[in-house]
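Breakdown of the fold
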Amino acid sequence: MTSSSSPSQDTKRLAQTYPEGLRADALMEEDVAWSHDIDSEWDGEQFDRSDRAALRRVAGLSTELEDVTEVEYRQLRLERVVLVGVWTSGTVQDAENSLAELAALAETAGALVLDGVIQRRDKPDAATYIGSGKAQELRDVVLDTGADTVICDGELSPGQLIHLEDVVKVKVIDRTALILDIFAQHAKSREGKAQVALAQMQYMLPRLRGWGQSLSRQMGGGKGGGLATRGPGETKIETDRRRIREKMAKMRREIAEMKTGREIKRQERRRNKVPSVAIAGYTNAGKSSLLNRLTGAGVLVENALFATLDPTVRRAETPSGRLYTLADTVGFVRHLPHHLVEAFRSTMEEVGDSDLILHVVDGSHPAPEEQLAAVREVIRDVGATDVPEIVVINKADMADPLVLQRLLRVEKRSIAVSARTGRNIDQLLALIDDELPRPSVEIEALVPYTHGKLVARAHDEGEVISEEHTPEGTLLKVRVHEELAAELTPYVPAPLA
């Protein structure tokens, strides 16, 4: 066992090292007071004093307008927000990138970002997320900027929300609530709205708060109320929680019914042996633009996070003439709330049931590797790790060539494209054609002209290698699935003697 120096020994050593008048200065001066014998025994990572003692302001996040013609309208319409994050690991650049993404989320939700600060800590404070002293400093920032909302870059517990609101005196929300708000704005289909509503209720259930009469008790016992007062009964907040649970159960039943309809369509595609390709990727990576470029689907394209939520399935054709379906899925983001993963699980099953995943990543993003890791984490959650994947590096026309080279070198099955300009789209289509599963049976058949439906099915469901029209019928050499091969077998020409 090693022994540590006692405080009296440290004082004696300091007295021997420095004259009387310099001892106080030496004690107050961090660089001089540090001793290798004493301080090298400390365990764990030691943060700089400047990092521990200050909120680091992140420059360039403000979206406040300077055009006088727009200011009045925007200030009436938008909430004014201050962003706050806790930097627990990684570099300062990682922390600032995370807060910049939060600023983009806030702007997408319809907020005006005034300022952003980061606190360096081992872990978020259990009471106020950033600590009581820094919460007071945050209150000063809120007063200086005139903000009416604080957005935290993380998921806060109910207690952290209450305590931080008590200090800063304005509304406090976290990253999860912000993403749920964006989803609620952008959901258009009946299923999308139901999934967002379920996720919001799951999030709100543990965060219900009561004021005044909300904590009063309902009458308990008896059949018709009246004088029956046996038992404590329910408080108003307990009644609210029970009603939310009942609504959540109803919403889950509705989503399950809608899932059945989509499953029937999926089974029909499987029955017809139509291969499926799912487009997955980070939000605003250009998934909808790529879908439009490949199929002409006409899906909404907007430079905003989570611009499209509802899955879109379109029919497409490979250069060799094979049909397949292309599905655009909801975008992912770092720290995607688990409520959303659960609520949108039925939608994300499009990824798990596909034959090929086009994993779209924004090549112009400052940290594309982080986007890839975040999306793959969600793909693991929905059980789609066994599906083949092509990494599509989009926005190649705006990306740094060195970043493109690095990604293409690291990701073995990857291609750099531009959905906007059409760069390398032909190569991507050829790559999809190569990667899609091919029919298992190769057969040559002479199909009479009276059975033209079989020829049409061979074109739709299989891969035609060669086709020749003869006086007896159509001579086909095709690769098809087993059921169609069984129907074509009677027309296989007899071998020559």
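Everything numeric in this text was worked out from a predicted model, so none of it was measured. (Residues numbered from 1 in each chain as written. Predicted model: local features only at pLDDT ≥ 70, side-chain atom pairs only at ≥ 80, totals over all residues. Heavy atoms only, no water.)

Per the secondary structure count, the protein chain includes 20 helices and 14 strands. Per-residue burial for the protein chain yields a buried fraction of 45% across its 497 residues. In the protein chain, once contacts between residues fewer than 6 apart in sequence are set aside, the share between residues at least 24 apart is 67%. Total accessible area on the protein chain stands at roughly 26700 Å², and carbon and sulfur atoms take up 51% of it. (Helix = DSSP H or I, 4+ residues; strand = E, 2+ residues; numbered from the N terminus. Buried < 20%, exposed > 50% of the residue type's maximum accessible area, 1.4 Å probe, protein only. Contact = heavy atoms within 4.5 Å. Areas by Shrake-Rupley, 256 points an atom, 1.4 Å probe, with all protein chains shown as cover.)

Three or more residues of helix H17 (residues 401-410) are buried, namely Val403, Leu404 and Leu407. On an axial view of H17, the arc spanned by its buried residues comes to 100°, and they lie on one face. Relative to its buried face, H17 has exposed residues pointing more than 90 degrees away, namely Pro401, Leu402 and Arg409. Two or three places before Leu402, at the start of H17, stands the capping residue Asp400, its side-chain oxygen 3.0 Å from that residue's backbone nitrogen. (Arc of directions from axis to C-beta. Polar contact = N/O pair within 3.5 Å; in protein donor to acceptor, adjacent residues only side chain to side chain.)

Estimated volume of the largest pocket: approximately 620 Å³. For the lining of the largest pocket, the secondary structure elements donating two or more residues are strand S2 (79-87), helix H7 (92-109), helix H10 (175-186), helix H14 (338-343) and helix H16 (368-381). Tallied by class, residues from the lining of the largest pocket come to 11 nonpolar, nine polar and nine charged. (1 Å grid on protein atoms, 1.4 Å probe; cavity = no way out; pocket = protein on both sides within 12 Å on 5 of 7 lines; lining within 4 Å. Points joined across faces, edges and corners; volume = space filled by probe spheres on them. Nonpolar A, V, L, I, M, F, W, Y, C, P; charged D, E, K, R; others polar.)

Topologically, Leu436 is positioned in the loop between helix H18 (425-435) and strand S12 (441-447). Taking C-alpha positions, Leu436 is 7.0 Å from Pro275, a pair spaced 161 residues apart along the chain. Those residues within four positions of Leu436 in sequence are excluded, and the remaining contacts are Pro275, Ser276, Val277, Thr318, Arg322, Tyr324 and Leu356.

Glancing now at the sheet that holds strand S8 (residues 323-328). Sheet architecture is open: six strands sit in the order S7-S8-S6-S9-S10-S11, paired in mixed fashion. Each edge of the sheet is formed by a strand with only one pairing partner; in this case those strands are strand S7 (312-317) and strand S11 (414-416). Along the sheet, successive strands turn relative to each other by an average axial angle of 25°, direction set aside. The pairing of strand S6 (residues 276-281) with S8 spans four bridges and is classified as parallel. (Pairing = 2+ DSSP bridges. Axes fitted to C-alpha atoms, helices over the stretch in contact; angles between N-to-C directions.)

To continue, consider the sheet that holds strand S13 (residues 463-469). Ordered in space as S12-S14-S13, the three strands form an open sheet in which the pairing is antiparallel. Bordering the open sheet on either side are S12 and S13, each of which pairs with just one other strand. The sheet shows a mean angle of 10° between the axes of neighbouring strands, direction not considered. Here S12 pairs with strand S14 (residues 474-480) via seven bridges, running antiparallel.

Moving on to the pairing of strand S5 (residues 171-174). Of the two faces of S5, only the one carrying Val172 and Asp174 is buried; Lys171 and Ile173 on the other face are not. Both strand S4 (residues 149-152) and S5 contribute to a ladder of four bridges, which runs parallel. Note that in S5 the partner of Ile151 across the bridge is Ile173. Considered for its hand, the β-α-β crossover made up of S4, helix H9 (residues 158-168) and S5 is right-handed. (Right-handed = clockwise from strand over helix to strand, strands pointing away.)

Below, the discussion takes up unusual backbone geometry. Not every positive phi belongs to a glycine, and Tyr129 is a case in point at roughly 75°. Turning to its location among the elements, Tyr129 is positioned in the loop between strand S3 (111-120) and helix H8 (132-145). On the basis of relative accessible area, Tyr129 is assigned to the buried category, the value being 4%. One non-glycine residue with positive phi stands out, namely Asn284, at about 65°. When you line up the elements, Asn284 lands in the loop between S6 and helix H13 (287-295). Asn284 sits in the partly exposed class, given a relative accessible area of 23%.

Before going further, it helps to spend a moment on the packing of H16 against H17. At their nearest, the axes of H16 and H17 sit 11 Å apart, and the two run at 40° to each other. Along its contact with H16, which presents Pro368, Glu369 and Leu372, the element H17 presents Val403, Arg406 and Leu407. When its residues are assigned to classes, the contact of H16 with H17 shows four nonpolar, no polar and two charged.

What follows deals with the packing of H13 against H18. Contact geometry of H13 with H18 gives a least axis separation of 11 Å together with a crossing angle of 85°. Classified by the angle their axes make, H13 and H18 are roughly perpendicular. Within the contact between the two elements, H13 uses Leu290, Arg293 and Leu294 and H18 uses Ile425, Leu428 and Leu429. Residue composition of the contact of H13 with H18, grouped by class: five nonpolar, no polar and one charged. (Parallel < 35°, antiparallel > 145°, perpendicular 65-115°, else oblique.)

Of all residues in the protein chain, 74% attain a pLDDT of 70 or more, and the chain-wide mean is 76. Note that pLDDT drops below 50 for residues 1-5; the model gives that stretch two contacts with residues more than four away or on any other chain. Residue range residues 67-77 is modelled with pLDDT below 50. Its contacts to residues more than four positions away, or to other chains, number eight contacts. (pLDDT = per-residue confidence, 0-100.)

So, about the side chain of Thr108. Here Thr108 is to be found in helix H7. With a relative accessible area of 17%, Thr108 lands in the buried category. Within the structure, Thr108 has its side chain in polar contact with the backbone oxygen of Ala104 (distance 2.8 Å).

Attention now moves to the pattern of salt bridges. Under the defined criterion, the tally for this structure stands at 16 salt bridges. Of the charged contacts, one joins Asp362 and Lys395 as a salt bridge, the two residues approaching to 3.4 Å between their closest N and O atoms. Of this pair, Asp362 sits in strand S9 (residues 356-362) while Lys395 sits in the loop between strand S10 (389-394) and H17; the two residues are 33 residues apart in sequence, bridging distant segments of the chain. You'll find Asp362 and Lys395 in the same group, each marked buried. A salt bridge links Glu411 to Arg376; the nearest nitrogen and oxygen atoms lie 2.9 Å apart. (Salt bridge = Lys/Arg side-chain N within 4 Å of Asp/Glu carboxyl O.)

As enumerated under the stated definition, the model contains zero aromatic pairs in all. Positioned above the aromatic ring of Trp87 is the side chain of Arg120, whose terminal nitrogen or guanidinium carbon lies 4.2 Å from the ring centre. (Phe/Tyr/Trp six-rings, centres within 6.5 Å; stacked < 30°, edge-to-face > 60°. Lys NZ or Arg CZ within 6 Å of the ring centre and 35° of its normal.)

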